[in-house]
Amino acid sequence: MNKWDKRFMQLTEQVATWSSCYNEDRHVGCIIVRNKRILTTGYNGAPQGIESCRDRGECLRKKLGIASGTRHEICYAVHAEQNAIVQAARLGINLEGTTLYCTHQPCVICAKIIINAGIKRIVYKHGYPDEFAQKLLNEAGVSVEVYSE
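Each chain carries its own residue numbering, running from 1 in the direction its sequence is written. The predicted origin of the model limits local features to residues at a pLDDT of at least 70 and limits the giving and counting of side-chain atom pairs to 80 or more, whereas totals for whole chains, interfaces and linings rest on all residues. Only hydrogens and water are set aside when side-chain values are computed; all heavy atoms of the structure are taken into account.

**Q** Is there a simple way to think about the packing of helix 5 (residues 108-117) against helix 6 (residues 131-139) in this case?
**A** In a packed pair of helices, the relevant descriptors are the angle between the two axes and the axis-to-axis distance. Interaxial distance between helix 5 and helix 6 falls to 8 Å at its minimum, and their mutual angle equals 15 degrees. Taken together, the axis directions place helix 5 and helix 6 in an arrangement best described as roughly parallel. As helix 5 runs across helix 6, the sense of the crossing is right-handed. In contact with V108, A111, K112, I114 and I115 of helix 5, helix 6 contributes F132, A133, L136 and L137. The nonpolar class holds Ala, Val, Leu, Ile, Met, Phe, Trp, Tyr, Cys and Pro. Asp, Glu, Lys and Arg form the charged class, and all remaining residues, Gly among them, are polar. Considered class by class, the residues forming the contact of helix 5 with helix 6 number 8 nonpolar, no polar and 1 charged. Every axis in this analysis is a line fitted to C-alpha atoms, fitted for helices over the stretch in contact. Angles between the N-to-C directions lie between 0 and 180 degrees. A run of DSSP states H or I qualifies as a helix once it reaches four residues; a run of E qualifies as a strand once it reaches two. Both are numbered from the N-terminal end. Convention used here: angles under 35 degrees read as roughly parallel, angles over 145 as roughly antiparallel, angles from 65 to 115 as roughly perpendicular, and any remaining angle as oblique. Should the near helix be turned anticlockwise from the far one by less than a right angle, the crossing is termed left-handed; should it be turned clockwise, right-handed. Every residue pair with non-hydrogen atoms within 4.5 Å of one another is taken to be in contact.

This is how it looks when you write it as structure tokens:
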């Protein structure tokens, strides 16, 4: 890890505080960088115009007893990585060859989107129970690094 990795990881932690997820331990932040410049940010939260779990006062996944790392579609929130990539698409920003910093390891759905967006490096801090995501990223040649200070 280098000094830029530390700075960018600190920023992902700040972005995570913007999350509208009901569970504070699941606040996730993401930034996408090229040549030491931040291109986009993302955090997990409900899509535009949809009431978030925090506003609803409960977590749908917890209410239904859905285990972490499974049934990603049963959640009001869009993942931080997905929001950062969608923001790039809306702004016309090419993500080919970029680095994605995230507070948490991407899930398999995010991994597929990351691969297709052309992102070449991922740095994350906290693990996530999704071995298939790691397998796909490895197969696609995406460098995945666990952040350590």
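What follows picks up the thread again.
**Q** Just checking my understanding: could you explain helix 4 (residues 80-91) for this structure?
**A** Each helix should span, by expectation, one fewer than its residue count multiplied by 1.5 Å. Compared with an ideal rise of 1.5 Å per residue, which puts 12 residues at 16 Å, helix 4 spans 17 Å between its outermost C-alpha atoms and is within 8% of the ideal. The classification of residues rests on relative accessible area computed with a 1.4 Å probe and restricted to protein chains. Under 20% of the type maximum is buried, over 50% is exposed, and intermediate values are partly exposed. For helix 4, the set of buried residues is A80, E81, Q82, A84, I85 and A88. Buried residues along helix 4 sit against strand 1 (29-34), strand 2 (37-43), strand 3 (99-104) and helix 5. In the stretch just after helix 4, G92 is the one whose phi turns positive, near 75 degrees.

**Q** How should the sheet that holds strand 5 (residues 143-146) be read in this particular structure?
**A** In a beta sheet, neighbouring strands pair by backbone hydrogen bonds and run either parallel or antiparallel. With mixed pairing, 5 strands are arranged side by side in an open sheet as 2-1-3-4-5. Across the chains shown, the open sheet's two edge strands, defined by having one partner strand only, are strand 2 and strand 5. With strand direction ignored, the average angle separating the axes of adjacent strands in the sheet is 20 degrees. For strand 3 and strand 4 (residues 121-126), the ladder comprises 5 bridges, and the chain directions are parallel. If you follow L100 over to strand 4, its bridge partner there is I122. Running over the sheet, helix 1 (residues 3-16) touches strand 1, strand 2, strand 3 and strand 4 and is turned about 140 degrees from strand 1. On the sheet, helix 4 packs against strand 1, strand 2 and strand 3 and is oriented at approximately 130 degrees with respect to strand 2. Here, a strand pair is defined by DSSP locating no fewer than two bridges between the strands.

**Q** Would you explain the pattern of salt bridges in this entry?
**A** When the charged atoms of two side chains with opposite charge come close together, those side chains can pair. By definition here, a salt bridge exists when the distance from a side-chain nitrogen of Lys or Arg to a carboxyl oxygen of Asp or Glu is within 4 Å. Tallied over the entire structure, the rule returns 6 salt bridges. Among the salt bridges present, the one from K63 reaches E58, with a minimum N-O distance of 3.4 Å. Accessibility expressed as a relative area gives 36% for E58, which makes it partly exposed. The residue K135 makes a salt bridge to E139 at a minimum N-O spacing of 3.5 Å. Residue K135 and its partner E139 are located together in helix 6, separated by 4 residues, close to a single helical turn.

**Q** Is there a simple way to think about the side chain of H72 in this case?
**A** Among the structural elements, H72 can be located in the loop between helix 3 (60-64) and helix 4. Beyond its immediate chain neighbours, meaning those up to four positions away, H72 contacts R61, H79, C107, I109, Y128 and D130.

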